[in-house]
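# Coordinates in review
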Amino acid sequence: MTSHRPVHRVAIVGTGTIGASWATHYLVRGFDVTATDPAPTAETALRSYVAGAWDAAAAIGLAPGASPDRLGFTPDLRQAVADADFVQENAPERPELKVGLFADIDDAAPPDSIIASSSSGITMSAIQAGCRRPERTIIGHPFNPPHVVPLVEVVGGTRTAPETVRDTMSFYAAIGKKPIHLKKELPGHVANRIQAALYREVAYLIQEGVLDVADADDAVSWGPGLRWGVMGPSLLWHLGGGEGGIQHFMDTLMPRMVASWDQLHTPEFTPELRDTIVNGVLKEADGRSIDELSARRDAMLAALLAVRAQHDPSGPPAGAGPDAKEGP
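First, a word on what this report is: a plain description of the structure on this page.

Cut-offs applied
Residues numbered from 1 in each chain as written. Predicted model: local features only at pLDDT ≥ 70, side-chain atom pairs only at ≥ 80, totals over all residues. Heavy atoms only, no water. Pairing = 2+ DSSP bridges. Helix = DSSP H or I, 4+ residues; strand = E, 2+ residues; numbered from the N terminus. Right-handed = clockwise from strand over helix to strand, strands pointing away. 1 Å grid on protein atoms, 1.4 Å probe; cavity = no way out; pocket = protein on both sides within 12 Å on 5 of 7 lines; lining within 4 Å. Points joined across faces, edges and corners; volume = space filled by probe spheres on them. Nonpolar A, V, L, I, M, F, W, Y, C, P; charged D, E, K, R; others polar. Core = buried A, V, L, I, M, F, W, Y, C linked by side-chain atoms within 4.5 Å. Buried < 20%, exposed > 50% of the residue type's maximum accessible area, 1.4 Å probe, protein only. Contact = heavy atoms within 4.5 Å. Axes fitted to C-alpha atoms, helices over the stretch in contact; angles between N-to-C directions. Parallel < 35°, antiparallel > 145°, perpendicular 65-115°, else oblique.

## Things to note about the pairing of strand β2 (residues 32-36)
Across 5 bridges, strand β1 (residues 9-13) lies against β2 in parallel orientation. Residue pairing in the sheet places V13 in a bridge with T36 of β2. The β-α-β motif built from β1, the intervening helix α1 (residues 17-28) and the parallel element β2 has right-handed crossover chirality. Of the strand pairs in this sheet, β2 and strand β3 (residues 71-73) are connected by 3 bridges, and their pairing is parallel. For A35, the partnering residue across the bridge sits in β3 and is F73. In this fold, β2 hands off to helix α2 (residues 42-60), which returns the chain to β3; that crossover is right-handed.

This is the structure:
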């Protein structure tokens, strides 16, 4: 049986957008964080990101003793993970890079720590191929930005121990995340596949001239997206079935939905469609910078999470950190 150490020190490997956001989350939750990245400007960019994201992350859940001063940085990978209780890897999505990187992390990290990858498309069975201790390696794929959005997709590889899955799920849940356990590996995991399926239809409708880009965005965010921010589609169908609930929905309404699936199409992603979407997004942004739009997004998400916390006891805990529980 695999035994993992309690988590007090977290190593962040790769400090791009996802890695920097993860670092912010762990810091706000009261952990000591050591980050590493070979880029010459990585430390400056990371500290700037943490400073800019701190207030939004802290508004969601600030643990006692949490401080950005608990962030350390080293370009030396082995030094960064040498005393880590939990490693969150965020390197570029290149299989050969991740296989070699995980082998190096596995060699340098304490044998009873967990090594998680934020990989959005590469399976852990592929990533763990070069590891001497593959049983403690796992996918912990966040939804961007991790310091705001709670979802984490957890899935092991063929050589991941069941205890690693269990302890990773427990750890993420204890630090304010909403982990879901994928029973099978598949490219893109789950959430990205769901949003890809939605956007395929959005792109088709734009290409067919049914909607412009802004109206397509509004059709999602002010309609089904607003409801999905409260509960998932299957539970919503339960409400849609009225007094008969999900059984009535499946018996009377689902056949019509299934019949409509044949009318859904995959657009041809032409240069013209690409340009239409680019121009439409820039018009919708209306001169606002990426930073301005990100701040607006994060503020609204934080407010939504606060409302959900009032009404949904199954949601992630606020303010949890390394002292919230013993164990990973």
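Still to come is the rest of the account.
## Examining the layout of surface pockets
Of the pockets and cavities examined, the second largest pocket occupies roughly 450 Å³. Of all the elements in the fold, those that place two or more residues in the lining of the second largest pocket are α2 and α13 (290-311). Across the lining of the second largest pocket, the residue classes break down as 9 nonpolar, 6 polar and 4 charged.

## Structural notes on the nonpolar core
In this structure, Y26, V33, F86 and Y172 are the most contacted members of the largest nonpolar core, which totals 31 residues. The set of elements that each furnish at least two residues to this core consists of β1, α1, β2, α2, β3, β5 (114-117), β7 (151-156) and α6 (162-174). For Y26, the residues in contact, after removing those within four places along its chain, are V10, I12, F31, V33, F86, Q88, F171, Y172 and I175. Counting 21 residues, the second-largest nonpolar core is a separate cluster that includes L77, V81, I122 and L182.

## Thoughts on the packing of helix α8 (residues 213-221) against helix α12 (residues 271-285)
Where α8 contacts α12, the axes come no closer than 8 Å and their chain directions differ by 75°. The pairing of α8 with α12 is recorded here as roughly perpendicular in orientation. For the pair formed by α8 and α12, the contact residues are V213, A214 and D217 on the first element and T276, I277, G280, V281 and E284 on the second.

## Quick notes on the sheet that holds β2
Taken in spatial order, the 8 strands make up an open sheet running β3-β2-β1-β4-β5-β6-β7-β8, and their pairing is mixed. On the outer flanks of this sheet lie β3 and β8 (178-181), each paired with one strand and no other. When strand polarity is set aside, the average angle formed by the axes of neighbouring strands in this sheet is 25°. Two strands pair when backbone bridges link them, and strand β4 (residues 86-89) and β5 are joined in this way by 4 bridges, in the parallel orientation. By the bridge assignment, V87 is partnered in β5 with I115.

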